[in-house]
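# A closer look at the structure
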Amino acid sequence: MIRKNYIPLQRLIASLTIFAFFAMPMVATAQTQITLHSNKYKVSDDVKVGREAAAEVEKQFPILNDREATNYVSRVGERLASSIPQQFQHPEFDYYFKIVNARDINAFALPGGPMYVNRGMIEAARTEGEMAGVMAHELSHVALRHGTAQASKSQKYGTAAGVLGILGQIIGGPAGAAAQIAGQGVGVYFLKFSREYETEADILGAQIMARAGYDPRDLANMFKTIEQQSGGGGGGGFLSDHPSPSNRYARINQEAQYLRVENPIRSSPDFSRIQARLRGMGSAPTMAEIARSGQRYPTGETTGNYPNNYPDNGSLGRVQYPSTRYQTYSTLGGIVRASVPANWRELGGDNSAWFAPEGAYGQYQNQVVYTHGVNFGVAQTQSRNLQQATQEFLNSLGQGNLRQRSGFQRTTIGGRSGLTTTLSNTNEATGQAELVTVVTTQLRTGELFYMIAVAPENEWSSYQAAFRNILRSVQINE
Ligand SMILES: [Zn+2]
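Anyway, here's the lowdown on the structure attached to this text. These figures come from a predicted structure and were not determined experimentally.

### Considering the sheet that holds strand S5 (residues 114–118)
- An order of S3-S5-S4 is seen for the three strands of this open sheet, with the pairing classed as mixed. Of all strands in the sheet, those with a lone pairing partner are strand S3 (96–100) and strand S4 (107–109), marking the two edges. Pairwise comparison of adjacent strand axes, ignoring direction, gives a mean angle of 15° for this sheet.
- Across three bridges, S4 lies against S5 in antiparallel orientation. Looking at S5, one finds that Ala 109 is bridged to Met 115.
- Seen against the sheet, helix H2 (residues 43–60) touches S3, S4 and S5 and runs at an angle of roughly 30° to S5.
- Along the sheet, helix H3 (residues 67–81) contacts S3 and S5; its crossing angle with S3, the most-contacted strand, is approximately 135°.

### Here we look at unusual backbone geometry
- For Arg 145, which is not a glycine, the phi torsion comes out positive at approximately 55°.
- Backbone geometry at Leu 332 places phi at a positive 55°, although glycine is not the residue there.
- Relative to the helices and strands, Leu 332 is located in the loop between strand S6 (326–331) and strand S7 (336–341).
- For Leu 332, a relative accessible area of 6% translates into the label buried.

### A short note on the nonpolar core
- With 54 residues, the main nonpolar core has Leu 80, Tyr 95, Met 121 and Met 135 as its most contacted residues.
- Examining the composition of this core, we find that eight residues originate from one element, helix H5 (residues 128–143), more than from any other.
- Residues contacting Tyr 95, with those up to four places away along its chain left out, are Ala 81, Ile 84, Gly 113, Leu 139, Val 142 and Ala 143.
- Formed by 46 residues, the second largest nonpolar core is a distinct cluster that contains Phe 355, Ala 379, Leu 386 and Ala 453.

### Concerning the pattern of salt bridges
- Scanning all chains against the criterion turns up 18 salt bridges.
- For the salt bridge of Asp 270 with Arg 75, the shortest nitrogen-to-oxygen distance reads 3.1 Å. Of the two residues, Asp 270 is situated in helix H13 (residues 269–279) and Arg 75 in helix H3; the sequence distance between them amounts to 195 residues.
- With a relative accessible area of 28%, Asp 270 lands in the partly exposed category.
- Relative accessible area serves as the criterion here: at 41%, Arg 75 is assigned to the partly exposed category.
- For Arg 126, the salt bridge identified is with Glu 130, shortest N-O distance 2.8 Å.
- Overlapping salt bridges bring together Asp 66, Glu 68, Arg 75, Asp 270, Arg 273 and Arg 277 as one network.

### Here's the deal with the environment of Tyr 370
- Relative to the elements of secondary structure, Tyr 370 occurs in strand S11 (residues 367–370).
- Taking relative accessible area as the criterion, Tyr 370 reaches 12% and is therefore assigned buried.
- Along the primary structure Tyr 370 and Leu 316 are separated by 54 residues, whereas in three dimensions their C-alpha atoms are 8.1 Å apart.

### So, the pairing of strand S14 (residues 409–413)
- Pairing of S14 with strand S15 (residues 416–426), which is carried by five bridges, proceeds in the antiparallel orientation. Bridging from a neighbouring strand, Thr 411 pairs with Gly 418 of S15.

### Focus: empty space enclosed by the protein
- As enumerated under the stated definition, the model contains two cavities of 30 Å³ or more in all.
- Taken as a whole, the second largest cavity encloses approximately 120 Å³ of empty space.
- In terms of lining residues, the second largest cavity is bounded by 16 residues, among which Met 281, Ser 283, Pro 322, Thr 324 and Ser 462 are the most central.
- Here the element with the most residues in the lining of the second largest cavity is helix H16 (residues 460–473); it accounts for four residues.
- Taken together, the residues that form the lining of the second largest cavity break down as eight nonpolar, seven polar and one charged.

Rules of the game
Residues numbered from 1 in each chain as written. Predicted model: local features only at pLDDT ≥ 70, side-chain atom pairs only at ≥ 80, totals over all residues. Heavy atoms only, no water. Pairing = 2+ DSSP bridges. Helix = DSSP H or I, 4+ residues; strand = E, 2+ residues; numbered from the N terminus. Axes fitted to C-alpha atoms, helices over the stretch in contact; angles between N-to-C directions. Contact = heavy atoms within 4.5 Å. Buried < 20%, exposed > 50% of the residue type's maximum accessible area, 1.4 Å probe, protein only. Core = buried A, V, L, I, M, F, W, Y, C linked by side-chain atoms within 4.5 Å. Salt bridge = Lys/Arg side-chain N within 4 Å of Asp/Glu carboxyl O. 1 Å grid on protein atoms, 1.4 Å probe; cavity = no way out; pocket = protein on both sides within 12 Å on 5 of 7 lines; lining within 4 Å. Points joined across faces, edges and corners; volume = space filled by probe spheres on them. Nonpolar A, V, L, I, M, F, W, Y, C, P; charged D, E, K, R; others polar.

What follows is the structure in structure tokens.
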């Protein structure tokens, strides 16, 4: 609920005096005061519901395990959280901040304080102020207890069962862009707030921004940035979770007139550095891709090195997204060094080594089949001409349905000139359409060195960045 709160007379006179010197018109004199909605739940219920929802979120979404980036986002978040006006501070709340490794321009906060900012949001923001704007808006929903207030409207009594009802709305209820995910098996959805709540979160967000030393107009600017950038692929779910009141931009800027900030923080070297760091990680999956694979995601722990270990007990199944952390291996008797996602393991022997995630390899009709990963190897060929030798090699692979999709293109591998081509195939074990990219170059011995990258066709875009990074990391020593 919003009402005007006029500032004390002395302060008004003081500011009038200052403004009189500059002969500026004094129109706006008061910032908007927001009052809490009636809420049938205890503050501790917000904490409880949020904690359970956070556990579910962290099971279902890939949390980016990058200490530097997370620390940075947390520093901004904590500055904002400590700038929440006294009357909306709840000592029971625990504000903390994590990054979701997703491309969509979105962020969400849960009752009681857990906040999740998508990598896509940080990459899209033009300044630290814009990123802080979205975070201040989210913090405001939490501080104003909008989740439980909304549930209070639809629940007769604020009972434990009611709390479960809210959890149902967060974890199970269809809402906005999340409904799209609903059909695809990820069970975390977000509350879709009413436009009244949105306006409140904008106004309190603007006030928090100013108190924290940011320009509140950057909150309005961020909504523009979201609108502009959500058109393309990987779009933004933010505006469907946080429906725009009709005058959103104007309303925030109007409020900003009442909020004076000396030398507001717009951007910072930290922001530019972290943004570059995140952009350098390659493309993050979209929420829809995450939902499609419907599984737990890697948190980036390093897996061990298992040289020359054949996958006699592997089995095809769910596969984790490639970790954004990499681990360097030396393989094929030291001929090749390459960095692969840290959640892949080495499998194979002296002439051919695979790197693949768990679930991406297994026995099928007495042979080992791979669905995702890369393979390095050395092949003997008749021809000394790279293109002819590569063609010979492809022919040697081509029993099944392997079909060349493109001609040969020049590329570089391990600092040498090479050739690349892409083939399509039907995986013999899964029956799924897959893409296979082959890169070749010649060794001094005249043998053909190859790298093969394979992934299901419908997941290819999620692996492209990892494949590119691996190719770039290859060193050949002979
Ligand atoms: Zn909102």
